[in-house]
Amino acid sequence: MTERYLSLSTMRRAVTHEIAGLAYVMAVIFLIGSDFFNIVIGPGPVTAGGRMAMLGLLVVWIVRNLPSLVRGLVSAPELTAFIGLAMISLLWSAYPEVTLDKLYSLVITTFAAMTLGGKVSLRTLFIALGILALYVVVASFGAIAAIPEARGIPPWDNAWRGVFNHKNGLGGASMFMLIYSSAAFMVTTGRARTMFLLVAIGSATLLLASQSRTSQILALLSVGALFIGLAHRRWATVWAMSHLVIVSMVVGGAYVLFASRAVDPVFDLIGREPTLSGRLPLWAITWPHVVDRLWLGHGYSAFWVPTSQSVIDLSRSPTIGYIPWYSHNGLIETLLNTGVIGLALFVGHLLRTFSAIFNGFRIRETRHLIIVAHVIIVGFLLLNVTESSVLSRESLTWMVFVALSTKLAVIGNAAKRSLRRPVSLTMRRPESVEPAIAQAGS
């Protein structure tokens, strides 16, 4: 009895220590990926110093967990090569000093996310994401209560932005925090479960108050797909394939409607321009610059330099009339940064990720977790239709995507190793394969 009590006590201490470590690293990731310093303190050397300090803490954490980083790098070779290509793009960058200045934070945040994906189980990763959602919700409500600018700035005076520079930043973050907290709610019990339920409610409130229509639509699609998938988890493979087909048809159909000007009469009735808030003309005039350096791109973060002749020419276009900072599209941004070769590496990583997802559906014990992972990955891709988070150096959505897709790659590799092991003639294959995969994902 005494030995059993000591064993349970030791396990509780280990779990408490692990959760404390997750709370620490997720706090650092939150402070880097949000605009907390900028909103609370304001632009200036203190804010810049705070972000540098947080990056330094991430470096220390990465070094202390180096085997997990190596595991992540090896498990996701396409992603590793993608980051490597962004690093060596310094050699052909149109503005090498800009590329060098922004590369270090990209490498640190991406490697930290890969370390997280290589270190914890999928269940623990969802708890970590729930903790991240807790930070975002509490900090945003605190900023909204204490700082007038967090409740809106012109021309969106009544649209909340919380601890983000723009209402769309809060909208996109709230959409994902709703999913993260829902995932944490699924894998916890007791008071933790209640806490994550409250976080989900807070995330939904922030999403509505941000007035970010794109994020609200994506949230409806993502949360709806999640509930359908969990309700019919027995048919998870069919559900996931249907989800991908429907999402592709919606995105493709919307593009055709806008490109053919078929939606013009509808927008005329509501007094709006059918340009997706100026994105369509921006994409059209940016595309020739993509073609100019198609294979390797202009170098990481080297195109949108305000003083460059290309950006000045774009700003002088009668369809734009302002200096753009980025393309508002993940595909275009990836091509500008790393060209077709970089895009191919990213697509290769996506194929590995979805392969792991569909293989993971075979395991009944962790199928609900894989369903949530699928929704988050597809949500990230949907967000990148009208925004750009791919290779975003200090972005919560990019860091979570990297951590989750790396975790899925680790699970996929565990499945492949199990399948290669000799199987006894008296043992059914599923019994030999499922434990290893479930252990990697649970």
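To be clear, the structure that these remarks concern was listed above.
Draft legend 1. Quick look at the environment of T286. The residue T286 is located in helix 13 (residues 279–292) in this model. Distance in space between the C-alpha atoms of T286 and S310 is 9.2 Å, their sequence separation being 24 residues. Excluding residues within four positions of it along the chain, T286 makes contact with F303, W304, L314, I332 and L336.

Draft legend 2. How the structure looks around the packing of helix 4 (residues 66–75) against helix 6 (residues 96–119). Where helix 4 contacts helix 6, the axes come no closer than 7 Å and their chain directions differ by 95 degrees. Here helix 4 is positioned roughly perpendicular relative to helix 6, judged by the angle of their axes. For the pair helix 4 and helix 6, contact is made by S68, L69, R71, G72 and L73 and by F111, M114, T115, G118 and K119, respectively.

Draft legend 3. Molecular detail of helix 6. The terminal C-alpha atoms of helix 6, which comprises 24 residues, lie 34 Å apart, in line with the 34 Å expected from a rise of 1.5 Å per residue. The largest bend along helix 6 reaches roughly 30 degrees and is located at K102.

Draft legend 4. Broad picture of the nonpolar core. Core analysis: the largest hydrophobic core is formed by 102 residues, its most contacted members being M26, F126, Y180, L391, W398 and L404. The element best represented in this core is helix 7 (residues 122–146), accounting for 14 residues. Setting aside its immediate chain neighbours within four residues, L404 contacts L122, L125, F126, A373, I376 and I377. Residues W283, L314, I320 and L335 belong to the second largest nonpolar core, which totals eleven residues.

Draft legend 5. Region of the structure containing the environment of A143. Relative to the assigned elements, A143 resides in helix 7. Excluding residues within four positions of it along the chain, A143 makes contact with I39, A150, G162 and V163.

Draft legend 6. Main features of the pattern of salt bridges. Enumeration according to the criterion identifies four salt bridges in this entry. R279 is the salt-bridge partner of E387, the closest N and O atoms lying 2.7 Å from each other. Within this pair, whereas E387 is found in the loop between helix 16 (367–386) and helix 17 (396–420), its partner R279 is found in helix 13, the two being separated by 108 residues in sequence. Accessibility expressed as a relative area gives 15% for E387, which makes it buried. For R393, the salt bridge identified is with E394, shortest N-O distance 3.8 Å. Using a relative accessible area of 27% as the deciding quantity, one classes R393 as partly exposed. A network of salt bridges, in which partner residues are shared, links R51, R393 and E394.

Draft legend 7. Quick peek at the side chain of E387. A distance of 2.7 Å separates polar atoms of two side chains, one belonging to E387 and the other to R279. A polar contact is formed between the side chain of E387 and the side chain of Y326, at a distance of 2.7 Å. With near-sequence residues (within four places) excluded, E387 lies in contact with N168, R279, Y326, H328, N329 and G330.

Draft legend 8. Region of the structure containing the side chain of N329. Turning to its location among the elements, N329 is positioned in the loop between helix 14 (309–315) and helix 15 (330–360). The contacts of N329, once residues within four sequence positions are left out, are W283, N384, V385, E387 and S388.

Draft legend 9. Region of interest: helix 13. With 14 residues, helix 13 should reach 20 Å at 1.5 Å per residue; the first-to-last C-alpha distance of 20 Å fits that figure. Where helix 13 bends most, at T286, the angle is about 30 degrees, and the proline P288 comes one to four residues later. All of the buried residues along helix 13 are R279, P281, L282, W283, T286, H289 and V290. Along its buried surface, helix 13 packs onto helix 8 (167–187), helix 14, helix 15 and helix 16.

Rules used throughout
- Residues numbered from 1 in each chain as written.
- Predicted model: local features only at pLDDT ≥ 70, side-chain atom pairs only at ≥ 80, totals over all residues.
- Heavy atoms only, no water.
- Helix = DSSP H or I, 4+ residues; strand = E, 2+ residues; numbered from the N terminus.
- Contact = heavy atoms within 4.5 Å.
- Axes fitted to C-alpha atoms, helices over the stretch in contact; angles between N-to-C directions.
- Parallel < 35°, antiparallel > 145°, perpendicular 65-115°, else oblique.
- Expected span 1.5 Å × (residues − 1).
- Bend = angle between axes of the 7 residues up to and from the residue.
- Core = buried A, V, L, I, M, F, W, Y, C linked by side-chain atoms within 4.5 Å.
- Buried < 20%, exposed > 50% of the residue type's maximum accessible area, 1.4 Å probe, protein only.
- Salt bridge = Lys/Arg side-chain N within 4 Å of Asp/Glu carboxyl O.
- Polar contact = N/O pair within 3.5 Å; in protein donor to acceptor, adjacent residues only side chain to side chain.

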